[in-house]
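# Structural description and commentary
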Amino acid sequence: CPRLCSVPPISVPAGPQVVLSVYGPDFFGHDVVRGYGAVHVPFVPGRHKRTIAMFVPESTSRLQQLTSWFTGRRPEFTDPRVVAQGEGREVTRVRSQGFVTVSFNVV
């Protein structure tokens, strides 16, 4: 190209994913989300160990945080595709919440 050419990026499907939604009791005994995470399933045969960084969505204001703490209704994702795709998550406030290690045995 004699001048700068812009080539759109090629979108390659990444394959199947495992999406984790971990729940547990809070101080008042309500079941609340403890973390979300996702990992791609490996294609190569053998034993694979993956560490998944977990995160939880947070309320945007102090008033919402206080209200959700008293009522036991914390922010949650209703659609697991939000966790798997990551699209639109850049505008969602999240907090890191540890790690989960998963082991795959692929044949």
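Residues numbered from 1 in each chain as written. Predicted model: local features only at pLDDT ≥ 70, side-chain atom pairs only at ≥ 80, totals over all residues. Heavy atoms only, no water.

Per an unreviewed UniProt entry, the chain carries the name B9 domain-containing protein 1 and comes from Chloropsis hardwickii. Under the UniProt heading Function (unreviewed entry), the note attached to the chain is "Component of the tectonic-like complex, a complex localized at the transition zone of primary cilia and acting as a barrier that prevents diffusion of transmembrane proteins between the cilia and plasma membranes. Required for ciliogenesis and sonic hedgehog/SHH signaling." (UniProt positions renumbered as here; feature names shortened; annotations may be inferred.)

### A short note on the packing of aromatic side chains
Taken as a whole and judged by the stated rule, the model has 3 aromatic pairs. Judged by centre distance (6.3 Å) and plane angle (65 degrees), the ring pair of Phe 55 and Phe 77 falls under edge-to-face. In this pair, Phe 55 sits in strand β3 (residues 46-57) while Phe 77 sits in the loop between α1 (62-71) and α2 (81-85), placing the two residues 22 residues apart along the sequence. A relative accessible area of 16% places Phe 77 in the buried class. Through a chain of ring-to-ring contacts, three or more aromatic side chains come together here, namely Tyr 36, Phe 55 and Phe 77. (Phe/Tyr/Trp six-rings, centres within 6.5 Å; stacked < 30°, edge-to-face > 60°. Helix = DSSP H or I, 4+ residues; strand = E, 2+ residues; numbered from the N terminus. Buried < 20%, exposed > 50% of the residue type's maximum accessible area, 1.4 Å probe, protein only.)

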